[in-house]
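# What the coordinates show
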Amino acid sequence: MKTIFITGASSGLGRASVDLFAQKGWNVIATMRNPQKIDNVTVLPLDVTDPKQIDEAVKNAGKVDVVFNNAGYGLMGPLEGTTDEQIRREIDTNLLGVIRVMKAFIPHFRENKGGLFITTTSIGGLFAVPYASIYHATKWALEGFSESMAFELATLGIGVKTVSPGGIATDFGGRSMDMARHEAYAESFDGMLGRIFKEDGAFHFSTAEAIANVVYEAATDGKDQLRYVAGPDAQALYARRLEIGAEASRKEIARTMLG
């Protein structure tokens, strides 16, 4: 029986992945900041911004075959209205949290002569939209980090993959979203939010279960493939960018998002 270690497992994509892998007969270790009981699943406390807690969780996990780095959240709003605390927390969770967990598990995988890291990035790691600069900074960084680490760890038989979803119908836009505001950008920012979240907007939200199936595919297909673009909206948006090129895509996004 294979074992998967999942961060950010309390809700949304993390919880959907816990349920799916458990149904498929995997041993699942679900980690979260505030542990909650899940039947037939090992639950460990983990805040990815706490290096000591990461080391403790890795020590208590036992033999692990796949690590799914899923902990993260969104930050939207104009940079001018963003506090230093918001910036630090976003980078600490979304980027440094993944780096810390991966670094802690590499010796484990090296000793076991194999393993696989899967990280939730975002379609926002492959192109950008307005008013999400710090979020994009973390997700673009994760894409570059993961691509470099895939080269580095391949020499040890350790795999690295990313799953890049578009919109997911979870609480990402609620509990898992932080907002920054500034009066100078209020009209533009609110207009963009209305365009994103309206029924026929650019992001057609997939279910968490549908994206969890892509995570399962990445964990089990045995392919030497780095990126898995997940969800019809993400696939369409990324294909469009590749089709028309980065500069034309940027102008098209400006027209669509900002009017």
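Let us look at the structure shown here. Keep in mind it's a predicted model, so treat the numbers as computed, not measured.

What counts, and at which threshold
Residues numbered from 1 in each chain as written. Predicted model: local features only at pLDDT ≥ 70, side-chain atom pairs only at ≥ 80, totals over all residues. Heavy atoms only, no water. Phe/Tyr/Trp six-rings, centres within 6.5 Å; stacked < 30°, edge-to-face > 60°. Lys NZ or Arg CZ within 6 Å of the ring centre and 35° of its normal. Axes fitted to C-alpha atoms, helices over the stretch in contact; angles between N-to-C directions. Helix = DSSP H or I, 4+ residues; strand = E, 2+ residues; numbered from the N terminus. Parallel < 35°, antiparallel > 145°, perpendicular 65-115°, else oblique. Left-handed = near helix turned anticlockwise from the far one by under 90°. Contact = heavy atoms within 4.5 Å. Nonpolar A, V, L, I, M, F, W, Y, C, P; charged D, E, K, R; others polar. Expected span 1.5 Å × (residues − 1). Buried < 20%, exposed > 50% of the residue type's maximum accessible area, 1.4 Å probe, protein only. Core = buried A, V, L, I, M, F, W, Y, C linked by side-chain atoms within 4.5 Å. Pairing = 2+ DSSP bridges. 1 Å grid on protein atoms, 1.4 Å probe; cavity = no way out; pocket = protein on both sides within 12 Å on 5 of 7 lines; lining within 4 Å. Points joined across faces, edges and corners; volume = space filled by probe spheres on them.

## Focus: the packing of aromatic side chains
- Tallying each qualifying case throughout the model produces eight aromatic pairs.
- The structure contains a cluster of three or more aromatic residues connected by ring pairs, namely Phe5, Phe105, Phe109 and Phe117.
- For lysine 24, the ring lying beneath its charged end belongs to tyrosine 216, and the centroid distance is 5.2 Å.

## Describing the packing of helix α7 (residues 232–244) against helix α8 (residues 246–258)
- Axis separation between α7 and α8 bottoms out at 6 Å; the angle between their running directions is 130 degrees. Between α7 and α8, the angle is such that the two are oblique. As for how α7 packs across α8, the hand of that crossing is right-handed. For the pair α7 and α8, contact is made by Arg240, Arg241 and Ile244 and by Ala246, Ala248, Ser249 and Glu252, respectively.
- Tallied by class, the residues present in the contact of α7 with α8 amount to three nonpolar, one polar and three charged.

## Considerations on helix α4 (residues 133–154)
- With 22 residues, α4 extends 31 Å between its outermost C-alpha atoms, agreeing within 8% with the 32 Å of an ideal straight helix rising 1.5 Å per residue.
- Of the residues making up α4, those classed as buried are Ile134, Tyr135, His136, Thr138, Lys139, Leu142, Glu143, Phe145, Ser146, Met149 and Leu153.
- The inward-facing, buried residues of α4 contact β5 (74–76), α3 (84–111), β6 (115–120), β7 (158–165) and β9 (227–230).

## Quick notes on the nonpolar core
- With 30 residues, the main nonpolar core has Ile4, Val18, Phe21, Trp26, Val28, Ile118 and Val163 as its most contacted residues.
- At the level of secondary structure, the elements contributing two or more residues to this core comprise β1 (3–6), α1 (12–23), β2 (27–32), β4 (66–69), β6, α6 (208–220) and β9.
- Looking at which element gives the most residues to this core, the answer is α6, with eight residues.
- With residues near it in sequence (within four places) discarded, phenylalanine 21 still touches Ile4, Trp26, Val28, Val215, Tyr216 and Ala219.
- Membership of the second largest hydrophobic core comes to 28 residues, among which are Ile54, Val58, Leu153 and Ile158.

## Details of the pairing of β4
- Neither face of β4 is open: one carries Val66 and Phe68, the other Val67 and Asn69, and all of them are buried.
- Both β1 and β4 contribute to a ladder of three bridges, which runs parallel. Counted as the bridge partner of isoleucine 6 is phenylalanine 68 from β4.
- Of the pairings in the sheet, the one linking β4 to β6 comprises four bridges and is parallel in character. Bridging from a neighbouring strand, phenylalanine 68 pairs with isoleucine 118 of β6.

## Focus: the layout of surface pockets
- Roughly 430 Å³ of internal volume is contained in the second largest pocket.
- Together, 20 residues line the second largest pocket, and Gly115, Leu116, Gly159, Lys161 and Lys223 are the ones closest to its centre.
- Of all the secondary structure elements, the ones that give two or more residues to the lining of the second largest pocket are β6, α4, β7 and α6.
- Looking at the lining of the second largest pocket element by element, the count peaks at four residues for β7.
- When the residues that make up the lining of the second largest pocket are grouped by side-chain class, the tally is nine nonpolar, six polar and five charged.

All quantities given are derived from atomic positions and should not be read as evidence of function.
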